[in-house]
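Fold and geometry: a report
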Amino acid sequence: MNLAISERVELAKLCSSRDWSKAIRVLDSLLAQSCAIQDICNRAFCYNQLELHKHVIKDCDKALQLDPTLLQAYILKGRAFSALGRKEDAISVWEQGYEQALRTSADLKQLLELEELLTVAQPGKQDITFINDNHVADPKLSTPVSESRLYANGKSNETLKHQNKYNTSRLFQEHRDASEIHNKSTDNFDTHNRTSDEERSKSSMSLYELESDTNGKTCENYKSLNVLCDGSKLNMESADASENSSISGDNCDIGLSDQTSANEMPCGLTNGAHTNFDKPSYASDSCNDLSEKSEQCSKSSVISSISSDITESDCPPNNTSDIHNEISDETKRNKKFCVAKISKAKSISVDFRLSRGIAQVNEGNYAYAISIFDQILKEDPTYPEALIGRGTAYAFQRELEAAISDFTKAIQSKPSAGEAWKRRGQARAALGESVEAIEDLTKALEFDPNSADILHERGIVNFKFKDFKAAVEDLSACVKLDKNNKSAYTYLGMALASIGEYKRAEEAHLKSIQLDRSFLEAWVHLTQFHQDLANSTKTLECLQQVIEIDGRYSKAYHLRGLLLHGMGEHRKAIKDLSIGLSIEILNIECLYLRASCYHAIGEYAEAVKDYDAALDVELDSVEKFVLQCLAFYQKEIALYTACKVNSEFCWFDIDGGIDPLFKEYWCKRLHPKNVCEKVFRQPPLRDSLKKGKLRKQDFAVTKHKTALLLAADSIGKKIQYDCPGFLPNRRQYRMAGLAAIEIAQKVSKAWRSLQVDWKHSNRSSKNSKRARRKERISMASQNRGGADCSTSSSSETSASYGITEDRSSSRPKMSWQDVYSLAVKWRQISEPCDPVVWVNKLSEEFNSGFGSHTPMVLGQAKVIRYFPNYERTLDIAKTIMKDKLFVHNKADEIIDLSKEGKSENIMHAKSCDDLYEIVGEDFWLATWCNSTAVAGKQLEGTRFTLVKMGERGYDFAIRTPCTPSRWDEFDAEMAMAWEAICNAYCGETYGSTDFNVLENVREAILRMTYYWYNFMPLSRGTAVVGFIVLLGLFLAANMEFTGNIPKGVQVDWEAILNFYPNSFMDSVKSWLYPSIKITTSWKDFPDVASTFATTGSVVAALSSYDD
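Residues numbered from 1 in each chain as written. Predicted model: local features only at pLDDT ≥ 70, side-chain atom pairs only at ≥ 80, totals over all residues. Heavy atoms only, no water.

Here we look at the overall build of the protein
On a plain count of helices and strands, the protein comes out with 51 helices and 19 strands. In the protein, buried positions account for 63% of the 1107 residues. Accessible surface for the protein amounts to roughly 41000 Å². Of this, 50% is attributable to carbon and sulfur atoms. (Helix = DSSP H or I, 4+ residues; strand = E, 2+ residues; numbered from the N terminus. Buried < 20%, exposed > 50% of the residue type's maximum accessible area, 1.4 Å probe, protein only. Areas by Shrake-Rupley, 256 points an atom, 1.4 Å probe, with all protein chains shown as cover.)

Re the nonpolar core
In terms of nonpolar packing, the biggest core is built from 170 residues, with W751, W816, W978, F1027 and L1033 touching the most fellow members. For this core, the element with the highest residue contribution is helix α38 (residues 730-759), accounting for 13 residues. Contacts of W978, omitting those with residues within four sequence positions, involve V747, W751, M814, S815, W816, V819, M1008 and L1033. Of all hydrophobic cores here, the second largest spans 71 residues; its members include L475, L520, A522 and A861. (Core = buried A, V, L, I, M, F, W, Y, C linked by side-chain atoms within 4.5 Å. Contact = heavy atoms within 4.5 Å.)

So, the packing of helix α29 (residues 588-600) against helix α31 (residues 622-644)
Where α29 contacts α31, the two axes come as close as 10 Å, and the packing angle between them is 20 degrees. As the angle between them shows, α29 and α31 are arranged roughly parallel. Of the two elements, α29 crosses α31, and the hand of that crossing is left-handed. Each of I588, E589, Y592, S596 and H599 in α29 lies in contact with α31, whose residues at this interface are K624, L627, Q628, L630, A631, Q634, I637, A638 and T641. (Axes fitted to C-alpha atoms, helices over the stretch in contact; angles between N-to-C directions. Parallel < 35°, antiparallel > 145°, perpendicular 65-115°, else oblique. Left-handed = near helix turned anticlockwise from the far one by under 90°.)

Some words on the pairing of strand β16 (residues 938-949)
Both strand β15 (residues 923-930) and β16 contribute to a ladder of seven bridges, which runs antiparallel. The partner of W928 across the bridge, within β16, is E940. Two elements, β16 and strand β17 (residues 953-962), share seven bridges in a ladder whose sense is antiparallel. Considered in β17, the bridge of K948 is made with Y954. (Pairing = 2+ DSSP bridges.)

Here we look at the packing of helix α21 (residues 452-464) against helix α22 (residues 468-481)
The axes of two packed helices give the description: the angle between them and the distance between them. Between α21 and α22, whose axes approach to 8 Å, the crossing angle comes to 160 degrees. In terms of axis orientation, α21 runs roughly antiparallel to α22. Seen from above, α21 lies across α22 with left-handed handedness. The residues of α22 that touch α21, namely those facing A452, L455, H456, R458, G459, I460, N462 and F463, are F468, A470, A471, D474, L475, A477, C478 and L481.

Regarding the side chain of Q360
Locating Q360 in the fold gives a position in helix α15 (residues 345-362). Setting aside chain neighbours within four positions, we find Q360 in contact with N365, Y366, Y368, A369 and I372.

Considerations on the packing of aromatic side chains
Considering all chains together, one arrives at 33 aromatic pairs under this definition. Taking the centre distance of 4.9 Å and the plane angle of 15 degrees together, the rings of F867 and Y870 count as stacked. Residue class for F867 comes out partly exposed when judged on its relative accessible area of 21%. The interplanar angle of 10 degrees and the centroid separation of 5.2 Å between the aromatic rings of F970 and F1015 together place this pair among those described as stacked. Of this pair, F970 sits in helix α45 (residues 964-986) while F1015 sits in helix α46 (residues 999-1015), and the two are 45 residues apart along the sequence. Residue class for F970 comes out buried when judged on its relative accessible area of 0%. Overall, F1015 belongs to the buried group, its relative accessible area being 0%. Connected via pairs of aromatic rings, a cluster forms that spans W816, Y820, W838, W967, F970, W1012 and F1015. The ring centre of F519 lies 4.5 Å from the NZ or CZ of K486, which sits over that ring. The ring of Y916 carries the charged tip of K948 above its face, separated from the ring centre by 5.5 Å. (Phe/Tyr/Trp six-rings, centres within 6.5 Å; stacked < 30°, edge-to-face > 60°. Lys NZ or Arg CZ within 6 Å of the ring centre and 35° of its normal.)

Remarks on unusual backbone geometry
Here the phi dihedral of R398 falls at roughly 65 degrees; this positive angle occurs in a residue that is not glycine. Within the secondary structure, R398 sits in the loop between α17 (384-396) and α18 (400-413). For R398, a relative accessible area of 22% translates into the label partly exposed. With a phi close to 50 degrees, M1016 is a non-glycine residue in the positive phi region.

Some words on the side chain of E742
You can see E742 is positioned in helix α38. Since its relative accessible area comes to 6%, E742 is described here as buried. In terms of polar contacts, E742 uses its side chain to reach the side chain of W826, at 2.7 Å. Once residues within four sequence positions are removed from consideration, E742 is found in contact with L822, W826, V1088 and A1089. (Polar contact = N/O pair within 3.5 Å; in protein donor to acceptor, adjacent residues only side chain to side chain.)

Details of the pattern of salt bridges
Taken as a whole and assessed by the stated rule, the structure comprises 45 salt bridges. In this structure, the salt-bridge partner of K414 is E385, at a minimum N-O distance of 3.7 Å. One end of the pair, K414, is in the loop between α18 and α19 (418-430); the other, E385, is in helix α17, and 29 residues separate them in sequence. Taking the relative accessible area as the measure of exposure, K414 reaches 6% and is therefore buried. Judged by its relative accessible area of 0%, E385 falls in the buried class. If you follow the salt bridges from partner to partner, you end up with E419, K422, R423, D453 and E457 in one network. (Salt bridge = Lys/Arg side-chain N within 4 Å of Asp/Glu carboxyl O.)

Description of helix α42 (residues 870-884)
Here α42 is 15 residues long and its end C-alpha atoms lie 21 Å apart, about the 21 Å a rise of 1.5 Å per residue gives. For α42, the set of buried residues is Y870, T873, L874, I876, A877, K878, I880 and M881. L885 occupies a position one or two residues after α42 and carries a positive phi of about 60 degrees. (Expected span 1.5 Å × (residues − 1).)

Section: the environment of I513
For I513, the location among the structural elements is in helix α24 (residues 502-515). Placed 10 residues apart in sequence, I513 and W523 show a C-alpha to C-alpha distance of 7.1 Å. Sequence-distant contacts of I513, that is, excluding residues within four places in its chain, are made with A522, W523 and L526.

Considering the confidence of the model for the protein
Averaged over every residue, the pLDDT of the protein is 77; the share at 70 or more is 73%. Of the regions scoring below 50 in pLDDT, residues 124-346 engages in 830 contacts with residues more than four places distant in sequence or in other chains. (pLDDT = per-residue confidence, 0-100.)

Describing the state of the cysteines
Summed over all chains, the structure comprises zero disulfides. Note on C46: no disulfide assigned, nearest cysteine sulfur contributed by C15 at a separation of 4.7 Å. Judged by relative accessible area, C46 falls into the buried class, the value being 0%. (Disulfide = S-S within 2.5 Å.)

Structure representation (structure tokens):
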């Protein structure tokens, strides 16, 4: 009791001397002992004197929860809203107070004050920023600082030096020792609610009454001190009442408004300890504002952090830009300085120096700010506010270790300094220390469990470190507390999309935009959301909105270029990418993508120029390094293709003409150092172009070309998957159509020749059939790659696969590989930057260890394209485990599942978690394919792998290892399947146009397609090549597929997830057969090989479709 009395005496002295910061600290102590409503109001009043409006609102809300009739709380809360520029909210609060006053016995002075405030605040009048009758009214208090946007220009080292001003109000509050809202005051709140009003009235007094005549004078006395920015209070007032930037009302918030904070994590958060920027998907920039209305937007990778400064640039990917801050002239005009009222000379000196340090950080003068904090800390090495200030300055300079050290010292000095915990968490996140970062932010939440700000920040840190479920939980809680937090909504949208909740994700993105139609980040993330789902129409609409908001935002042009590239509109993509590069000349994403577009349409000189420029860009992230590696390899491919432009298309032979080691490194995206030293390099562009450029005649329109292209466009559309993530691509349609027609034409010739032979042969001779089969198998298995492959493109080597001549009969023969190679070649030339190669044409080292990897789940993220196959794959995995009772670990050792009741638990498993718990470690299992070539034999099909990623996620994928033994087995199977097709068509069925008669032909084609998909003999592109060949073989047999692949069906997965060829055939017949039309019209098409004879004419054909 004596302690409480002494504290109240001290409180009276502090208020009399206008030392509001220390008064707040005393009130914190009193509230920890007994939660008196009047003390809460008194603290709100002290915050009001320091112009810490968010804390005013917070305390007023607490007081009104306890006593809804407390007029003083309505008055103070309304003033705080008014000072924040939220006039409508202020009026609403005052009206509520006025209604309460009319219904109850109220203090007439306060009733009259409310009436006066409402009178002045009527529409048409200026914003109100009254303090009270004795306070100085300053209309500028409610003037928002003009919006300041951050623009990306790719210089991550400069990121921190060009950030927005950070909010010093709460740091200023802390430096006045007013920041210590102890956890006790929150934890004990409910308990203290039981204290009677009478007890509270005895133990507390109203500072509202205590503050009187001298207040205006005090403001006047310190008016000239340039400490705190008035218009934005260094962004503190830009926060709204949602408490986002406060931690229990006690800790400094250097630069974080409630909406702003979570957008600007001090992180170049990456998937490791890198300080470069993450792209998901996503590459992004960040926009921040210093005022409440101009809330920042971090573009995709920016997390709330050491205010809006230490940011991360994206997807990622994609998508990695650093942030430049441009403070508008309006912002500068709106700056006004004042200082809180302090009477003691020593306090004024320390307070002034601390404020100067804060101001210098705001101005970007970090070294000078640090020197000021150093002086303060020399006098008092444990001064927590100075440590937090200096730590923040260090963080802005990317000296994160030093920043963490200062935040740690601040915590040691004052363990209740929630702000220090929060900032240390942010700095640790920037260093990639995700576990420690989350621990610190969780600790900060202990001091303010209902802090929307900290929930926001922790949610974004969770998102950046791929803990999407935790991110959804935190961000959902955040938006419940702060329904106007647009940044939280857009990050919530991204997190929801990552775990496959697309409807909720879109709703969250749209809510963010509803809150602010000009919120650039929300539009960018909504763009990426629609692009990931392959909704090209909505993607383009969103990008148009982005450009209307900021026509100088380079990433918008990169994203639109990326979309157009994915749709096969390479020339249009080049236009957008060129605009992006005019804004940001060293944007490696734009350079690389534009080079790819030039490469595809045959403008090799421009392509090589852009590839070289990409190689010269200084790197600041792993993602950019990967682009540089690809630029090296693809420049070589461009030079190789330039050499072949005027040669016949059959001489374009990446599989036979490019060194196997080069292709291995290209597919793996490895550093090209070893390639440079060990393999033949392509001649320079000048020499390459001497051999040919695209000629005018390549683009010339002829009757034959027109007929072929129209037919190809119609046939090629049939390859489209109607599934999320698969964009329509006109260039690929044309490629597929031309390839299918050429396959039909060449296979038809081969079948004609076989039909003539088999007319005169003894078809009952089994020995003869076996001899022919062995001959084809032997021929198709030759030249597996390695040292015997050509390493030079300077010699005119023949294609690795093609029609071979039987010298005894002078009639052409085709192997299964010859057929598929036709489609592979078209796929390679249509998108030359995809490493599509035959796996057996890679180096022997790679050949023995290569495996395609197609994930359904990565960590907690559901892969849009392939997750629809998850449940079915999981069920099949359980079936195999139950049947085999073993799986393999990483070392290919057998893990026995027959013991301890594991077999019973397998079928009850509902998730990857359950299966992993049963096995206890990373494992793989394999499907099987029943052989047609060898009765009773089972071939290893596709491997399902389950690998733990971090604490809560898994890599659940299908992988197809390509080893020599596996290749030989499938080679024999494919040879048998191809022979079965030839036998089915070239006998009595030859030339038939009867649908029923052709049944065996159809089934034989589907059977070979089944083995092809399970074989997976290409590094990429197996799915589309398989369906192109199916279309071509159907045409050759006078059947055209005129329908579309049904929605949700992925033909390659249908094959992979069926153990038996007949099961696969049954699964596709239901939609395939009804759409097959008997036709011979394809025979009237001009010959593809002669119409598009040269490589250059093929490139021109793929690049010249009309809009």
